[in-house]
Amino acid sequence: MYKIMTPGPTQVLENVRLARSLECTNPDLDESFFDFYKETCELISKLLCTGNETIIMDGEGILGLEAACASLTEPGDLVLVLDNGVYGKGFADFVTMYGGTPVLYTVDDKNPIDKAALEEYLKLNHDFKYATLVHCDTPSGMLNPIGELCPLLKKYGILTVVDSVSAMFGEEVKVDEFQIDLLCGGSQKAVSAPPGLTFVTVSEDAKGVMAQRNTPIASFYGNIQVFFGYYEKKWFPYTMPISDIYGLRQAFENIQRDKDMIKRHRFIGEACRQAVRKAGLSLHLESGFSNTVTVIDVPKETTAGEILRVMRQEHHIMLAGSFDSLEGQVIRIGHMGTNANEGDMEATLEALGQTLSSLGIPVKASMGRLFREAVL
Ligand SMILES: *Cc1c(COP(=O)(O)O)cnc(C)c1O
C-alpha cells in the first residue's frame, strides 16, 4: 500500500469508506433517499456559501465541466475561455463539442490571471454568453482569483462556469459573494471521497438561460436542467449511485466539522513551499500558488519518472508527475483534504529529500526538518 500524496485522488478516511458499505435501499423508489439526496445537496450549498441549488451527478469531475458547457451552449454561442493552464484551455473542447465558438483569452501560465488586464480586454470584447475559468489549474498548481474575476465578468453580463474541482475546501469559495453561476466540484480532491461523483451549484441566472434555450441540450447524461424539480417529481434522470452518495455525505459532514480546514491548507501549503525553496529546489510557478498542490520543477540531473519510482519503491509514497505540456517537466505533491496534515507532509518531504539525494541531486538540508521548522 502506498501513502497517496497525489493531487487527487486523495486519502479517504475510514468513516467515509464505512459509509459506503451501509445497507442500500432502492434509490429510485424509496422516498427517504430523495430526502437524503436533497439534504446532501443542501449541505454542499451551505459549505460553499450559496443559496443556489446543488445537484450531484453520477460521474467523475470531468462530467461536471462537460455538463455545465452542454447545458449552457447553443450552436453559434461565443464563449470566453480563460486560459493559463491545461484545464483552462481544455474547456474550449467542451464548448466546441456542443456547437459553441470558444474565444481563448490565453495569458502567462506562470502567474494568475490579472483582473486589471482582463478588464481592459472586456472593455473591447464582452459579447460572450458565458466564460469558463479554472480556480486551481492542477497540472501547474495555478490558483486564479475567482473572487475578483467572476464579479467582473458578471458586470459585463457574462455568466461564469468555474472549475474548482481541486481547490474548493482547500481554498476559499463563496459562490454567492463571488457571483459564480455554475461551480463544478468533484468527490476525489479536497473533499476526500473516492472518485466517481461530481456536483454543480446552479444560479438562478444560469437556470434562466437554460430555460430560454432555442435548441434542446445536446446531451442526456450531461444535462443539468433535467434534474430540476427531481424532489417534487420524486424522479431522477437515472438511478443514483446510492453508496457513492452515502460516502460523499460523510465526507461533507467531516468538512462541516473541520473549522480550520482553509487555515490548515494555508500553513501546510506555505510550509511545503518554504521547504522546497530552502532545499534548493525550484517551484514551477512564479506566483499564484494553490495551497492544495505544490508543483516542483524536475532537476535537470534526473527525470520525473525516476523520482516517482524511487518514492514509490523505497518510501511507499505516491507523488504525481504532470501531463499535457507539463509532462515530464514537474512533480506534484497533493496536500489537499485529508492529505493536508503535518505528519504525512513531513514524511513525504523527508522521503523526497532522500530520494533526490540518492539520485545525486544536492539537497541543502533534510526536507522533513525544513518543513517542520516552517510549520512551527
Ligand atoms: C481532478 C480535476 C478534474 C477532474 O478530472 P480528472 O479526470 O481527475 O482529470 C477537473 N478539473 C481539475 C482542475 C482537476 O484538478
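The written sequence of each chain sets the order in which its residues are numbered from 1. Local features in this predicted model are restricted to residues of pLDDT 70 or higher, and side-chain atom pairs are both shown and tallied only at a pLDDT of 80 or more, whereas totals for entire chains, interfaces and linings draw on every residue. The side-chain quantities take in all heavy atoms of the structure and omit both hydrogens and water.

Novice: Which parts of the structure should I look at to understand the site of the ligand?
Specialist: Lining the immediate surroundings of the ligand are Glu60, Gly61, Ile62, Tyr87, Cys136, Thr138, Asp163, Val165, Ser166, Gln188 and Lys189. The definition of a polar contact used here is a pair of N or O atoms within 3.5 Å, where within protein one atom must be able to donate a hydrogen and the other to accept one, and adjacent residues in sequence count solely through side-chain atom pairs. Here an oxygen atom of the ligand and a side-chain polar atom of Tyr87 are 2.4 Å apart. Take Thr138: an N or O atom from its side chain is 2.3 Å from an oxygen atom of the ligand. To be clear on the numbers: accessible area is Shrake-Rupley with a 1.4 Å probe, and residue cover counts the displayed protein chains and nothing else. Notes on the ligand: free accessible area 370 Å², of which the protein chains cover 82%. Taken together, the residues that form the shell around the ligand break down as 4 nonpolar, 4 polar and 3 charged. One heavy atom suffices: a residue is near a molecule or strand as soon as one of its heavy atoms comes within 4 Å of it. Amino acids outside the nonpolar list (Ala, Val, Leu, Ile, Met, Phe, Trp, Tyr, Cys, Pro) and the charged list (Asp, Glu, Lys, Arg) are all regarded as polar, and Gly is one of them.

Novice: Teacher, can you tell me more about the sheet that holds strand E10 (residues 197-202) here?
Specialist: Two orientations exist for strands paired in a sheet by backbone hydrogen bonds: parallel and antiparallel. Note on pairing: DSSP must find at least two bridges between two strands before they are called paired. Starting at the N terminus, helices and strands are each numbered in turn, a helix being any DSSP run of H or I of at least four residues and a strand any DSSP run of E of at least two. Across the sheet, 7 strands lie side by side as E2-E10-E9-E8-E5-E3-E4; this open sheet has mixed pairing. Lying at the two open borders of the sheet, with one neighbouring strand each, are strand E2 (53-58) and strand E4 (101-106). For this sheet, the mean angle separating the axes of adjacent strands, direction not counted, is 20 degrees. As paired strands, E2 and E10 are joined by 6 bridges and run antiparallel to one another. Within E10, the residue paired with Ile55 across the bridge is Val200. The strands that helix H5 (residues 115-124) touches are strand E3 (78-83) and E4; relative to E4, the one it contacts most, it runs at about 140 degrees. Throughout, an axis means a line fitted to C-alpha atoms (over the contacting stretch in the case of helices), and angles, computed between N-to-C directions, take values from 0 to 180 degrees. Contact definition: two residues touch when any of their heavy atoms are within 4.5 Å.

Novice: Would you mind showing me how to read helix H8 (residues 204-211) here?
Specialist: Each turn of an α-helix holds 3.6 residues, which means side chains three or four residues apart point in the same direction. Exposure is judged per residue with a 1.4 Å probe applied to protein chains only, and the accessible area is read against the type maximum: over 50% gives exposed, under 20% gives buried, and values in between give partly exposed. Among the residues making up H8, those that are buried are Ala206, Lys207 and Met210. Buried residues of H8, viewed axially, fall in a sector of 100 degrees; they line one side. Turned more than 90 degrees from where H8 packs its buried face, Glu204 and Ala211 sit exposed. Where H8 is buried, its residues meet E2, helix H3 (61-72), strand E8 (159-163), strand E9 (182-186) and E10. Picture the helix axis, draw a direction to every C-beta atom, and the arc is the one those directions span.

Novice: Honestly, the packing of H5 against helix H6 (residues 146-155) in this entry has me stumped. Any pointers?
Specialist: Think of two packed helices as two axes; the pair is described by the angle between the axes and how far apart they sit. It is at 10 Å that the axes of H5 and H6 come closest, and there the two elements cross at 15 degrees. With respect to H6, the element H5 is oriented roughly parallel. Read as a crossing pair, H5 and H6 show a hand that is right-handed. Contacts from Lys115, Leu118, Glu119 and Leu122 of H5 reach H6 at Glu148, Leu149, Leu152, Leu153 and Lys155. Along the lines of polarity and charge, the residues of the contact of H5 with H6 split into 5 nonpolar, no polar and 4 charged. Should an angle lie under 35 degrees it is considered roughly parallel, over 145 roughly antiparallel, and from 65 to 115 roughly perpendicular; all remaining angles are considered oblique. Working rule for handedness: look at the near helix, and if it is turned counterclockwise from the far one by less than a right angle, call the crossing left-handed; if clockwise, right-handed.

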